[in-house]
4 protein chains.
Amino acid sequence: MSDSKGKMLWGGRFSGGSADVTKRISSSVHFDGRMYEQDIEGSKAHARMLGKMGVLKEDEVDAVVRGLDGILNDIGSGKFVFSEELEDVHMNIESELTRRIGDAGKRLHTARSRNDQVALDMRLYLRKEISAVRTLITGLMSIIVGLSEKNMDAVMPGYTHLQVAQPVRFSHHVLVYAWQLARDLERLSAAERACGSMPLGSGALAGVNYGNDREFLMKELGFDRVAENSMDAVSDRDFALDFLYFASVLGSHLSRFCEELVLWSSSEFGYIRLADGVTTGSSIMPQKRNPDVAELIRGKSGRLYGNLFSLLTIMKGLPLAYNRDMQEDKEPLFDSVDTVKICLEGMAEMLSGMEVNARRMKESVYRNYSTATDVADYLVGKGVPFRESHEIVGRIVAHCEEKGLDFFNLDAKTLRGFSGAFGDDAVGYFNPESSVERKVSAGGTSGSSVKGQAARLREIIKLYS
Amino acid sequence: MSDSKGKMLWGGRFSGGSADVTKRISSSVHFDGRMYEQDIEGSKAHARMLGKMGVLKEDEVDAVVRGLDGILNDIGSGKFVFSEELEDVHMNIESELTRRIGDAGKRLHTARSRNDQVALDMRLYLRKEISAVRTLITGLMSIIVGLSEKNMDAVMPGYTHLQVAQPVRFSHHVLVYAWQLARDLERLSAAERACGSMPLGSGALAGVNYGNDREFLMKELGFDRVAENSMDAVSDRDFALDFLYFASVLGSHLSRFCEELVLWSSSEFGYIRLADGVTTGSSIMPQKRNPDVAELIRGKSGRLYGNLFSLLTIMKGLPLAYNRDMQEDKEPLFDSVDTVKICLEGMAEMLSGMEVNARRMKESVYRNYSTATDVADYLVGKGVPFRESHEIVGRIVAHCEEKGLDFFNLDAKTLRGFSGAFGDDAVGYFNPESSVERKVSAGGTSGSSVKGQAARLREIIKLYS
Amino acid sequence: MSDSKGKMLWGGRFSGGSADVTKRISSSVHFDGRMYEQDIEGSKAHARMLGKMGVLKEDEVDAVVRGLDGILNDIGSGKFVFSEELEDVHMNIESELTRRIGDAGKRLHTARSRNDQVALDMRLYLRKEISAVRTLITGLMSIIVGLSEKNMDAVMPGYTHLQVAQPVRFSHHVLVYAWQLARDLERLSAAERACGSMPLGSGALAGVNYGNDREFLMKELGFDRVAENSMDAVSDRDFALDFLYFASVLGSHLSRFCEELVLWSSSEFGYIRLADGVTTGSSIMPQKRNPDVAELIRGKSGRLYGNLFSLLTIMKGLPLAYNRDMQEDKEPLFDSVDTVKICLEGMAEMLSGMEVNARRMKESVYRNYSTATDVADYLVGKGVPFRESHEIVGRIVAHCEEKGLDFFNLDAKTLRGFSGAFGDDAVGYFNPESSVERKVSAGGTSGSSVKGQAARLREIIKLYS
Amino acid sequence: MSDSKGKMLWGGRFSGGSADVTKRISSSVHFDGRMYEQDIEGSKAHARMLGKMGVLKEDEVDAVVRGLDGILNDIGSGKFVFSEELEDVHMNIESELTRRIGDAGKRLHTARSRNDQVALDMRLYLRKEISAVRTLITGLMSIIVGLSEKNMDAVMPGYTHLQVAQPVRFSHHVLVYAWQLARDLERLSAAERACGSMPLGSGALAGVNYGNDREFLMKELGFDRVAENSMDAVSDRDFALDFLYFASVLGSHLSRFCEELVLWSSSEFGYIRLADGVTTGSSIMPQKRNPDVAELIRGKSGRLYGNLFSLLTIMKGLPLAYNRDMQEDKEPLFDSVDTVKICLEGMAEMLSGMEVNARRMKESVYRNYSTATDVADYLVGKGVPFRESHEIVGRIVAHCEEKGLDFFNLDAKTLRGFSGAFGDDAVGYFNPESSVERKVSAGGTSGSSVKGQAARLREIIKLYS
């Protein structure tokens with residue numbers, strides 16, 4: 001981004017014009033064109049401010065605003081097509097405006113520069129997209145909470161190391177992903193706050209020779225505050241990094257959820273059935289339901305990470321203030337915006353139509369001595385030292401293995417053969433369904449805890465909606 | 001991290017013990033040992049809570065607390081040395097406690113697990129370090145503000161594309177880095193809030209069979225809130241990512257500052273002189289002052305980025321809840337903590353002793369037609385159309401180049417030869433020192449703007465101190 | 001990638017068809033469409049092999065080949081447009097073929113699968129692009145060698161820590177970048193070898209129920225060898241990683257070169273003048289020549305790094321064999337191919353038109369005691385102990401600083417005032433132009449060394465051309 | 001790295017000495033100390049060369065070599081301890097040598113510099129480690145080939161999308177990882193070749209004022225060739241990047257294998273049993289065998305990726321020649337060396353003791369219509385059109401589902417009810433064990449193919465051993 005570029009401006013000195021490769025490597029309108037609404041919104045506010053300052057006359061302001069609105073419509077309806085020759089979205093719109101309304105269009109560039117203009121457009125653009133992303137996240141959270149409530153009492157194995165550890169509610173398990181998303185909302189809001197600083201009026205880097213009413217611009221454009229330092233305003237891309245980071249962590253969360261969806265829809269686990277609409281299959285292998293959407297979302301964590309590291313690399317070691325390297329900020333940012341949105345939509349679609357197979361979960365939890373810890377805790381509660389109680393349970397399990405007995409169905413008499421501490425109430429401690437209820441600590445997998453979580457999540461969703 | 005590990009616990013079943021390579025790849029005490037204070041702090045709070053719940057008797061609580069305090073002292077004084085055999089910091093301390101006070105030591109592990117214990121320790125550790133880092137950042141900000149105030153009126157070239165663009169105050173330029181740090185403080189606070197969720201009482205993953213008073217633990221340990229979902233509490237590493245991301249952006253900021261320090265201390269720029277204490281040199285080349293510290297800090301952005309990417313990769317696609325992969329979170333986190341601290345100290349040292357060469361800055365700003373834009377703006381102000389005014393200035397510059405005249409020192413008569421619009425006041429518009437004052441827009445490089453910025457930065461520093 | 005996808009194939013079981021979001025997230029023809037030539041080339045070879053095996057009859061083979069050639073032409077001329085509905089390039093071409101020639105088109109899919117087909121197309125595509133990239137690299141190397149030869153004897157400061165250290169030839173300095181490119185050629189060839197393994201005939205993952213003549217396919221398609229394991233063939237993306245890595249290191253090299261071009265074209269260094277065609281400027285600041293192309297190429301290292309890390313992340317922890325995540329390999333690969341090509345073209349354009357300012361280089365090398373080490377070496381050669389000789393030179397430098405004398409122009413008498421060891425030949429040792437000639441060690445900056453390097457580089461260029 | 005650092009050398013000019021933080025941030029002996037053998041090896045060769053050149057006398061060379069050998073022994077036995085004050089390994093050894101043998105020790109530094117010395121040490125170090133890593137890889141490959149041969153005929157489900165697709169041999173499946181390692185060996189050799197360029201004699205950057213016999217050094221130290229350009233030799237870190245990249249891809253391969261080991265050792269899959277020595281468990285949950293080593297190796301891909309990205313970031317945008325940022329190359333390199341070695345050892349341990357549960361594999365492959373494609377192919381072979389044959393098989397599967405019949409056990413009569421094309425031989429086409437044999441294409445999962453692969457892998461192992 002040069003302060004004043006385009007052949008018409010500095011062509012005098014430069015004899016040969018840009019080399020062909022320069023045009024191809026410099027041109028950005030094929031990607032920055034997507035910010036045309038923000039570019040026009042910013043220009044309209046700037047025109048009004050120039051009017052207030054007396055730089056533009058009342059009727060010039062009107063002409064500019066009407067001209068810009070016309071261009072806005074024509075881009076929207078496809079009537080106006082960007083020219084690669086004019087390099088970027090700003091020059092395309094500015095030239096067209098001048099073509100339509102004459103010199104006032106040129107005067108619009110008073111007291112601003114391409115550098116603060118692009119800084120403005122990106123922030124406006126990102127704020128709009130952040131709002132859309134937030135809606136998708138709260139929507140997905142609602143779906144997860146609904147899924148939890150609908151399957152409140154399904155008990156499944158809780159895994160550590162992908163080994164069955166203790167019984168948990170499916171409803172408890174899936175809420176983890178809602179809590180992750182609640183944290184993602186905080187990171188998203190942090191990115192939004194970072195975008196809240198209004199850069200216009202910073203000029204190329206030093207400020208401008210006019211007393212721009214930046215408070216006016218700030219309010220007109222819906223920002224929180226005015227950028228405090230003109231060189232910072234044009235050289236800062238933290239707000240873009242903040243979004244790319246938000247997107248990366250969201251991507252890591254979704255990759256974990258999708259990994260589980262892929263596992264759960266395997267025939268070996270069989271805990272869920274994804275809907276036809278989000279799977280592909282085979283005409284002759286009816287059991288094959290390839291979880292393509294889950295896999296694609298899992299894989300898309302890669303591009304989200306990659307985009308973050310692209311911009312971190314670009315910014316490394318750049319001296320102040322504006323450097324053209326920074327034009328490379330846009331494509332990763334736009335790609336992460338698009339990717340986050342489609343991933344959230346894909347998750348919503350998958351979870352909405354997903355069926356939970358509580359029977360398969362139950363079979364698995366009953367196959368794996370998942371309540372052995374509960375039984376040991378029972379004995380500790382009866383005064384048996386921790387270590388001894390573990391030994392007793394170990395012997396019971398070994399006994400079941402040897403004799404092919406059902407650990408979850410031993411009677412009190414058998415148990416007392418292992419320890420006199422077993423009372424008649426012991427039998428219940430082997431039961432996975434009871435086990436989850438005994439997790440009475442706050443945040444545990446008991447029914448009341450899960451219901452409380454769901455309620456608090458609904459409040460958070462409301463807060464962000 | 002297994003729920004119950006160590007040969008003494010599950011050795012019965014496992015005939016051969018761990019393979020040698022398993023011990024080497026699993027052992028973590030050589031790095032997680034640095035969390036011993038937090039491990040002991042957490043255990044003391046847990047003991048008190050078990051006392052409240054009646055699981056431990058009053059005197060047992062006392063014994064545990066005294067035992068742990070003794071171990072704390074002995075680690076601090078080097079009397080107690082960790083054993084690699086016992087794998088991690090938790091086992092080392094737990095075994096030693098049991099050795100010292102007997103069975104009550106073992107009972108301390110009631111109603112918790114290694115999984116929520118390590119989640120607790122890391123958050124406690126990181127909160128402590130975040131506090132230390134914050135102090136270093138505000139300290140560095142103070143130094144920058146001081147540097148700005150001390151050199152308030154030095155005028156230097158403002159660069160875009162590393163080409164001289166417009167004159168700016170050095171004091172304005174360096175404050176960019178203070179504003180960057182102000183944003184880093186926000187990211188640091190976000191990481192701190194992410195650490196504010198108290199995980200203890202989540203057990204291995206499902207919660208525990210005891211009504212742990214988690215509110216008590218939260219207050220006792222200074223947390224903001226209780227982790228809402230036990231599986232989330234043991235599988236979440238967002239708080240560590242948030243710190244690693246904060247550190248990466250800080251690293252990118254410091255790499256930019258250091259790039260400028262390296263440039264400025266080159267003989268070609270010559271804008272600053274770094275103190276002996278932060279440079280290396282040559283006994284025979286007195287002009288050689290290698291800015292090693294600046295280079296090292298610039299390079300350390302690499303490890304800060306790498307650490308973030310490491311943990312993002314580790315978390316990608318991990319199913320719930322705890323997986324041993326997550327042990328790999330600690331080394332990048334600890335390394336980024338250490339790196340951030342030494343970089344901030346290094347910056348403080350460099351900037352404290354740095355001398356600004358205002359004369360060299362002035363020479364450069366006077367060599368480069370840096371006020372050409374101001375002169376054009378002057379003509380616009382006199383009613384000359386934008387385009388025409390640019391042409392006029394272009395001709396003046398060309399004239400100076402040809403005749404070897406000093407652009408900054410043309411008299412009014414010469415100027416009027418180019419355009420009748422030049423008044424007697426025009427001469428001042430060529431002056432870089434006046435140029436910076438004419439940047440009257442908020443946030444520009446005028447003296448009042450820079451002073452205002454310094455005042456607001458001092459408030460921010462106070463706020464965070 | 002499913003084994004058999006598209007509504008027509010497995011639609012029977014799936015009632016609702018794909019969800020809209022599924023179509024959007026799954027569709028790849030907007031990017032994999034660029035492999036249409038390779039897809040057709042592979043299909044033609046496969047058809048001929050099926051003919052050899054008797055699966056297709058002679059006239060069927062002819063029909064397939066003619067049909068595919070027609071489609072190839074129609075895509076090339078824009079007559080045939082891909083449909084997003086048909087998802088990917090393979091389905092688009094296969095459907096169109098069947099539409100044109102009937103059932104034989106369908107039979108073409110015998111003894112292969114989408115999984116080995118895409119693995120084939122990517123390798124064919126990448127081999128073609130690697131060849132184009134190689135030509136660009138050798139072309140750029142030639143330009144650098146030419147630049148070196150044209151400016152053989154310009155002496156400039158050699159920097160360490162961006163501090164002037166010793167005089168070097170400019171011609172020696174720029175050849176560093178040619179040597180870097182020579183190493184990049186090796187990495188490129190490694191990527192090419194990785195692409196040399198012919199995957200077709202691996203089927204979905206297990207091989208096929210036909211004795212495919214894979215040697216025939218290998219020769220027909222110009223591969224080096226047949227992929228040895230069918231599951232490996234469809235799940236391996238090492239060849240893509242190898243290219244992305246090559247591109248990243250190339251990007252790091254070019255970022256270093258561009259950093260220097262940006263430095264050198266600053267007014268402070270002033271060592272080079274980039275041509276109008278690769279810079280942007282200002283109509284009123286004639287000295288401003290923004291090195292946009294250099295900055296953009298420097299910044300593009302970010303996307304090259306990001307693309308590598310995207311694919312590394314995608315592949316992390318993926319079980320065998322094909323997973324849909326792997327569709328995400330294409331966009332980073334294509335983007336790196338495009339980026340590498342335009343960066344190499346941009347470098348060639350910049351270096352072709354670049355003017356070297358030997359005078360500014362000379363001024364700088366003469367300003368900085370750059371030969372102090374040579375003088376000390378001279379004394380050592382005369383038998384003065386290393387340490388003492390350093391002290392002597394230090395005193396001479398201090399003397400020049402104090403008296404404002406020209407270090408490079410001291411007479412023998414003055415020198416003997418500092419040490420009797422100085423002979424009449426000493427004077428020459430202060431001279432930067434002589435200094436570079438005294439670097440007689442192989443690979444040093446002497447003229448004969450640089451000429452030898454240039455000759456060897458020309459051989460390497462020839463070897464790869 | 002400065003050309004001549006340490007207080008004794010340039011202390012004269014620098015009044016205050018280094019700041020405390022400078023010492024801490026600059027010191028590298030705590031990590032570069034591990035290259036002491038290479039530093040001494042390089043110095044001995046350099047001494048001999050100086051002897052040949054007449055710079056050192058015969059007896060001085062002997063004194064240097066004896067002195068260095070003494071230091072080598074004393075470091076090895078722990079008698080000589082590095083001092084942080086002396087900053088790096090080079091200064092530590094050089095000072096000690098001078099202390100022991102006097103001035104000849106100092107003379108050893110003639111005709112070289114710290115910059116080419118560290119470039120030499122790193123290459124020597126890495127070449128030694130590459131050799132060790134190669135042995136570990138070929139060792140692991142042997143274990144995999146042995147595992148394959150031992151379980152040659154176990155049939156398991158082949159997965160795509162983690163859905164059962166077609167039967168494959170377990171022996172075929174695991175060989176994928178041997179083929180990946182074979183490619184890793186090529187990348188390792190590429191890194192080795194990159195290390196094969198001898199940098200000594202490049203001096204600080206420009207070459208040296210002596211006709212160093214670099215061919216002699218090359219042969220003495222076992223290098224392939226002499227570095228061609230002195231500035232390139234001290235500023236190039238491609239060889240380190242090449243190793244870090246090799247390590248990253250190896251890490252991605254191992255992460256995939258470990259993902260499968262984790263899946264396969266889950267109770268849901270149950271395909272393998274890892275030995276006690278590489279798992280952790282629970283005293284009371286005998287079925288719990290946490291695959292900690294597999295998880296840790298999977299997680300360590302994160303640090304391997306992170307290390308690569310660190311160095312890529314460090315090198316981005318660095319001007320020539322040596323910059324102190326490059327000191328940051330060592331820790332990621334050393335960490336990746338250590339990580340790769342322990343991961344390979346861990347894999348070897350895991351695979352050596354792993355038991356394959358062929359029964360569970362068989363159950364799974366028989367549960368999932370895995371041969372439906374084979375049956376359709378059978379019908380195609382009998383002349384039934386592709387599409388129709390798929391419909392027929394779809395109906396058979398639906399029939400089995402409805403009636404609860406065993407797909408793999410239908411009789412010829414039942415089959416003929418679906419299509420007259422089924423002959424008596426059809427029954428065999430349902431059989432998974434026969435299916436794998438029918439994959440007659442080269443590289444498929446047939447027994448002869450797998451045996452052939454094993455033989456070729458053994459040759460590759462031999463080639464690299």
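Residues numbered from 1 in each chain as written. Chains lettered and ligands numbered in written order. Predicted model: local features only at pLDDT ≥ 70, side-chain atom pairs only at ≥ 80, totals over all residues. Heavy atoms only, no water.

Trainee: An account of the overall build of chain A is needed here, citing residue identities and associated values.
Mentor: Counting its regular elements, chain A contains 20 helices and eight strands. Computed over C-alpha atoms, the radius of gyration of chain A comes to 31 Å, more than 25% over the 23 Å expected from 2.2 N^0.38 for 465 residues, which places it beyond the range of a compact globule. Principal axes of the C-alpha set define a box for chain A whose edges measure 100 × 50 × 40 Å. Within chain A, the proportion of its 465 residues that are buried is 68%. Taking all contacts inside chain A whose residues are at least 6 apart in sequence as the whole, residues at least 24 apart take part in 77%. On chain A, roughly 14,000 Å² of surface is accessible, and the fraction owed to carbon and sulfur atoms is 49%. Taking the 58 positively charged and 65 negatively charged side chains of chain A as two groups, their mean positions are separated by 1 Å. (Helix = DSSP H or I, 4+ residues; strand = E, 2+ residues; numbered from the N terminus. Rg over C-alpha atoms; globule rule 2.2 N^0.38 Å. Buried < 20%, exposed > 50% of the residue type's maximum accessible area, 1.4 Å probe, protein only. Contact = heavy atoms within 4.5 Å. Areas by Shrake-Rupley, 256 points an atom, 1.4 Å probe, with all protein chains shown as cover. Lys, Arg positive; Asp, Glu negative; His and termini not counted. Charge placed at Lys NZ, Arg CZ, Asp CG, Glu CD.)

Trainee: Can you explain the packing of aromatic side chains? Please cite residues and give values.
Mentor: One pair of aromatic rings is described through two measures. These are the centre distance and the angle between the planes. One pass over the full model with this rule turns up 65 aromatic pairs over all chains. For the ring pair B:Tyr159 and B:Phe269, a centre distance of 6.0 Å and an interplane angle of 55° mean the geometry is tilted. Of this pair, B:Tyr159 sits in strand S1 (residues 155–160) while B:Phe269 sits in the loop between helix H12 (238–264) and strand S5 (272–273); the two residues are 110 residues apart in sequence, bridging distant segments of the chain. Across the pair, exposure class does not vary: B:Tyr159 and B:Phe269 are buried alike. Between B:Phe407 and B:Phe408, the aromatic rings sit 5.4 Å apart at their centres with planes inclined by 85°, giving edge-to-face as the arrangement. Of the two residues examined, B:Phe407 and B:Phe408, each falls in the buried class. In textbook terms, an aromatic cluster arises when at least three aromatic residues are bridged by ring pairs, as seen for A:Tyr305, A:Phe309, B:Tyr305, B:Phe309, C:Tyr305, C:Phe309, D:Tyr305 and D:Phe309. The aromatic ring of B:Phe223 is capped on one face by B:Arg127, whose charged end is 4.9 Å from the ring centroid. (Phe/Tyr/Trp six-rings, centres within 6.5 Å; stacked < 30°, edge-to-face > 60°. Lys NZ or Arg CZ within 6 Å of the ring centre and 35° of its normal.)

Trainee: Outline the packing of helix H4 (residues 36–53) of chain B against helix H5 (residues 58–76) of chain B, listing residues and values.
Mentor: All names here are of chain B. Where H4 meets H5, the axes come as close as 9 Å, and the angle between the chain directions of the two elements is 175°. Here H4 is positioned roughly antiparallel relative to H5, judged by the angle of their axes. Every residue of H5 that contacts H4 at Tyr36, Glu37, Ile40, Ser43, Lys44, Ala47, Arg48 and Gly51 is listed here: Val61, Val64, Val65, Leu68, Asp69, Ile71, Leu72, Ile75 and Gly76. The residue makeup of the contact of H4 with H5, split by class, is ten nonpolar, three polar and four charged. (Axes fitted to C-alpha atoms, helices over the stretch in contact; angles between N-to-C directions. Parallel < 35°, antiparallel > 145°, perpendicular 65-115°, else oblique. Nonpolar A, V, L, I, M, F, W, Y, C, P; charged D, E, K, R; others polar.)

Trainee: Summarise the relation of the copies chain A and chain B; cite the residues concerned and give the values.
Mentor: Structural alignment of chain A on chain B gives an RMSD of 0.1 Å, achieved by rotating through 180° and translating 0.0 Å along the axis. On the angle and the small slide along the axis, the relation comes out as a two-fold axis. No C-alpha of chain A lies nearer the rotation axis than that of A:Tyr245, which sits 3.7 Å from it. Comparing interface residues between copies, 100% of those in chain A also sit at the interface in chain B, which points to an isologous, same-surface contact. (Least-squares fit on C-alpha atoms with pLDDT ≥ 70 in both.)

Trainee: If you had to explain the domain arrangement of chain A to someone new, which residues and values would you point to?
Mentor: Taken as a whole, chain A is organised into domain 1 (11–110), domain 2 (115–363) and domain 3 (372–430). Taking only C-alpha atoms into account, the centre of domain 1 of chain A sits 79 Å from that of domain 3 of chain A. (Domains from an automatic or database assignment.)

Trainee: Account for empty space enclosed by the protein, with residues named and values stated.
Mentor: Overall, the coordinates contain 19 cavities of 30 Å³ or more when judged by the stated rule. Considering only enclosed or pocket space, the largest cavity measures out at about 70 Å³ in volume. A:Glu259, A:Arg298, B:Lys316, B:Gly317, B:Leu318, C:Lys316, C:Gly317, C:Leu318, D:Glu259 and D:Arg298 together form the lining of the largest cavity. (1 Å grid on protein atoms, 1.4 Å probe; cavity = no way out; pocket = protein on both sides within 12 Å on 5 of 7 lines; lining within 4 Å. Points joined across faces, edges and corners; volume = space filled by probe spheres on them.)

Trainee: Any chance you could break down the interface of chain A and chain B for me, citing the residues and the numbers?
Mentor: Where interface size is given, it is often the accessible area lost as the parts come together that is meant. Facing 88 residues of chain A, the contacting portion of chain B comprises 88 residues. Summing the contributions of chain A and of chain B, the shared interface buries around 7,600 Å²; its carbon and sulfur component is 54%. The interface formed by chain A and chain B contains twelve salt bridges. We note a salt bridge from B:Arg187 to A:Asp242, for which the minimum N-O separation is 2.9 Å. (Buried area = accessible area lost by both parts, 1.4 Å probe. Salt bridge = Lys/Arg side-chain N within 4 Å of Asp/Glu carboxyl O.)

Trainee: Give me the lowdown on the pairing of strand S1 (residues 155–160) of chain D, citing residues and values where you can.
Mentor: All names here are of chain D. Extensive coverage of S1 is indicated by the burial of six of its six residues. Pairing of S1 with strand S2 (residues 163–169) involves six bridges; the strand directions are antiparallel. Residue pairing across strands places glycine 158 opposite glutamine 166, the latter belonging to S2. From the end of S1 to the start of S2, which pair antiparallel, there are two residues, and histidine 161 there has a positive phi angle of about 60°. (Pairing = 2+ DSSP bridges.)

Trainee: Residues and numbers for the environment of C:Ser252, please.
Mentor: Mapped onto the elements, C:Ser252 comes out in helix H12 (residues 238–264). Here C:Ser252 falls in the buried class, since its relative accessible area comes to 2%.

Trainee: Explain the side chain of C:Asp121 to me, and be specific about the residues and the numbers.
Mentor: Residue and element names in this part refer to chain C. Mapping aspartate 121 onto the fold places it in helix H8 (residues 114–150). Notably, aspartate 121 is buried but unbridged: the nearest opposite-charge side chain belongs to arginine 112, and the N-O separation is 6.6 Å. With near-sequence residues (within four places) excluded, aspartate 121 lies in contact with Met35, Gln38, Asp39 and His90.

Trainee: Please set out helix H13 (residues 292–315) of chain B residue by residue, giving values where relevant.
Mentor: All names here are of chain B. Spanning 24 residues, H13 covers 35 Å between terminal C-alpha atoms, matching the ideal 34 Å at 1.5 Å per step. With 24 of 24 residues buried, H13 lies mostly within the body of the structure. Following H13 by one or two positions, glycine 317 adopts a phi angle in the positive range, close to 70°. (Expected span 1.5 Å × (residues − 1).)

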